[in-house]
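# Reading the structure
Each chain, letter by letter, is given below.
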Amino acid sequence: MIEIIEANGIAEQEKISAMRARAAAVSADIERAVSTIMEDVKENGFSAVEKYSQKFDRAVPREITAAEAEVAYAACPPELIEAMEHAAANIRDYNEKLLVKTREWQSPDGGKVGRVIRGLTRVGIYVPGGTAAYPSSVLMNAIPAKVAGVQEIVMVTPPTKNLNNAVLAAAKIAGVDRILAVGGAQAVAAVTYGAGFIPKVDKLVGPGNAFVAAAKRMAYGKIDIDMVAGPSEVLVLADETANPKFVAADLLSQAEHDKLASAVLLTTSPALAKAVDQEIIRQTGYLTRSEIMECSLNEFGCAIVCTDLDQAAELANEIAPEHLEIVTKQPRALLSKIKNAGAVFLGAWSPEPLGDYLAGPDHVLPTSGSARFFSPLSVDSFLKSMSILEFSSETLAPLRQQIITMAESEHLTAHANSIRVRFES
């Protein structure tokens, strides 16, 4: 089921390159189609959004009322509501502990300086509705925004069968202010420019398909975005002490997302690699999304056998995975060697689905190697800061000549004059 590769400096690099290529290029057809949609919505507003929604989703965009969300919440099984409420509490607690505050202090020159922290005014969250329903994405996107103090959270999601009771109940639990049944590139365009009852937002977050990703890329600069997410991925770094049943299960948990998903094992044990391969074959036999998993693992899954854990850590940093599980005898000992990963799961009892649903840290994570420079979604993603400066004539006076000197060195005489006129008398 999975290819087993001996790390020799060539074979593993070829596999890593293939994994990166799967998300590196957006097809020209998608780019053209999305560019047309973005421009049409910019020029024609809601009529264009409605046109594309009817074309792609066979539905008219509409706003879902608070009463409908209440009905959906009541219709959900109590055990699902309990699980979502538990997840929401953990997400809220995690982000409250991360929240930075406004600070002011006296500078070495005697003036007051500092930074004011504000939540964004209006944020859009995109909740995908393709092959599955994702109430967990609602919680993971909306709750950090709520903790940040965002004034209005607008959720957009395709008006398909996956806009179900669980998704609406999650929106109620998370404190979403408006739920709009519109999806795809047309939804991204609508919240970028504003269209009819769909407002323009300051930032759009959340994953989507290739069309949504392309639209977010085009929207960036007009509004802010979190990141352009690629296909899901997991990397398990394991030694001979790992349980092959657990490792196989965790690889499959990502492979079921998408045929383009990547699931990779880095191990120092050839025996473990073979045992995991056998477990993957066994477990795939009774799981429901076996066709997707088989395609994903055949194309983008592998086990790479490394000479030692240091080599495995180096490869992990090069791959910079969305999810990194460390399943070794002493997992925390390897943490200091890990520089690039979206989220790190330490030990056999910290599986990736724990992070997807309940632990508290966000599951919106950088993919396709972008963990080298992007961070997970969190309360920080919904904050902005303003610098504060407050000086008096007494604290400015000793600095005036140095400011004038620097301004004149840049030939900015009006800057120098702004300081000089204050002390002419």
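Note that the coordinates shown come from a computational prediction; the quantities given were computed from them, not determined experimentally. (Residues numbered from 1 in each chain as written. Predicted model: local features only at pLDDT ≥ 70, side-chain atom pairs only at ≥ 80, totals over all residues. Heavy atoms only, no water.)

### Focus on the overall build of the chain
Counting its secondary structure elements, the chain contains 18 helices and 15 strands. For the C-alpha atoms alone, the extent of the chain along its principal axes is close to 85 × 55 × 45 Å. Taking all 425 residues of the chain together, 49% fall into the buried category. Here the contacts in the chain between residues at least 6 apart in sequence split such that 74% fall between residues at least 24 apart. (Helix = DSSP H or I, 4+ residues; strand = E, 2+ residues; numbered from the N terminus. Buried < 20%, exposed > 50% of the residue type's maximum accessible area, 1.4 Å probe, protein only. Contact = heavy atoms within 4.5 Å.)

### Focus on the sheet that holds strand β15 (residues 383-390)
Ordered by their spatial adjacency, three strands build an open sheet running β3-β4-β15, and the pairing between neighbours is antiparallel. Strand pairing shows two members of the sheet lacking a second neighbour, β3 (103-106) and β15, which therefore form its edges. Averaged over all adjacent pairs, the angle separating strand axes in this sheet is 15°, with direction ignored. Pairing of β3 with strand β4 (residues 112-119) involves four bridges; the strand directions are antiparallel. Looking at the pairing, Gln106 lines up with Lys112 of β4. (Pairing = 2+ DSSP bridges. Axes fitted to C-alpha atoms, helices over the stretch in contact; angles between N-to-C directions.)

### A closer look at the layout of surface pockets
Of the pockets and cavities examined, the second largest pocket occupies roughly 340 Å³. In this structure, the second largest pocket is lined by 22 residues; those nearest its centre are Tyr94, Ala343, Val344, Pro361 and Asp362. Every element with two or more residues in the lining of the second largest pocket is listed here: α5 (78-98), β14 (343-346) and α15 (352-357). Considering only residue class, the lining of the second largest pocket consists of 12 nonpolar, seven polar and three charged. (1 Å grid on protein atoms, 1.4 Å probe; cavity = no way out; pocket = protein on both sides within 12 Å on 5 of 7 lines; lining within 4 Å. Points joined across faces, edges and corners; volume = space filled by probe spheres on them. Nonpolar A, V, L, I, M, F, W, Y, C, P; charged D, E, K, R; others polar.)

### Some remarks on the environment of Ile143
When you line up the elements, Ile143 lands in helix α6 (residues 135-148). We classify Ile143 as buried; its relative accessible area is 1%. Spatially, the C-alpha atom of Ile143 lies 9.0 Å from that of Ser378, the residues being 235 residues apart in sequence. Those residues within four positions of Ile143 in sequence are excluded, and the remaining contacts are Ala88, Ile91, Arg92, Val138 and Ala174.

### Section: the nonpolar core
The biggest cluster of nonpolar side chains holds 43 residues, and the ones touching the most others in it are Ile125, Val138, Leu139, Met155, Val176, Ile179 and Phe382. The biggest single contributor to this core is α6, with eight residues. When neighbours within four sequence positions are excluded, Ile179 is seen to be in contact with Arg62, Glu63, Ile64, Ala69, Met155, Leu168 and Ala171. Counting 28 residues, the second-largest nonpolar core is a separate cluster that includes Ile37, Met38, Leu180 and Ala190. (Core = buried A, V, L, I, M, F, W, Y, C linked by side-chain atoms within 4.5 Å.)

### A closer look at the sheet that holds strand β8 (residues 203-205)
The sheet built from six strands is open, its strands ordered β2-β7-β6-β5-β8-β9 with mixed pairing. This sheet does not close on itself; its edge strands, each paired only once, are β2 (62-64) and β9 (224-225). In terms of strand pairing, strand β5 (residues 122-126) meets strand β6 (residues 152-157) through five bridges, oriented parallel. Its bridge partner being in β6, Ile125 is matched across the sheet by Met155.

### A look at empty space enclosed by the protein
One pass over the full model with this rule turns up three cavities of 30 Å³ or more. Approximately 60 Å³ is the volume attributed to the largest cavity. If you go around the largest cavity, the residues you meet are Ile16, Met19, Arg20, Arg22, Glu233, Ile319, Ser368 and Gly369. Residue contributions to the lining of the largest cavity peak at four residues, all from helix α1 (residues 11-24). Class assignment of the residues belonging to the lining of the largest cavity gives a composition of three nonpolar, two polar and three charged.

### Regarding the pattern of salt bridges
Counted by the stated rule, this structure contains 15 salt bridges. The salt bridge partner of Glu291 is Lys259, with a shortest N-O separation of 3.9 Å. Taken together, the positions of Glu291 in helix α12 (residues 290-300) and Lys259 in the loop between α10 (244-255) and β11 (262-267) put the pair 32 residues apart, joining distant regions of the chain. Relative accessible area serves as the criterion here: at 39%, Lys259 is assigned to the partly exposed category. Of the charged contacts in the structure, one is a salt bridge between Asp310 and Lys337, with a shortest N-O distance of 3.3 Å. Separated by 27 residues along the polypeptide, Asp310 in helix α13 (residues 309-319) and Lys337 in the loop between α14 (331-335) and β14 bring together distant segments of the chain. (Salt bridge = Lys/Arg side-chain N within 4 Å of Asp/Glu carboxyl O.)

### Side note on the packing of aromatic side chains
All chains considered together, the criterion is met by four aromatic pairs. Geometrically, the ring pair formed by Phe246 and Trp349 is edge-to-face, given 5.2 Å between the ring centres and 70° between the ring planes. Taken together, the positions of Phe246 in helix α10 and Trp349 in the loop between β14 and α15 put the pair 103 residues apart, joining distant regions of the chain. Given a relative accessible area of 29%, Phe246 falls into the partly exposed group. Pairing Phe373 with Phe374 gives two aromatic rings, centres 5.1 Å apart and planes at 55°, and the pair type is tilted. Here the basic side chain of Arg400 rests over the ring of Phe423, its NZ or CZ set 4.8 Å away from the ring centre. (Phe/Tyr/Trp six-rings, centres within 6.5 Å; stacked < 30°, edge-to-face > 60°. Lys NZ or Arg CZ within 6 Å of the ring centre and 35° of its normal.)

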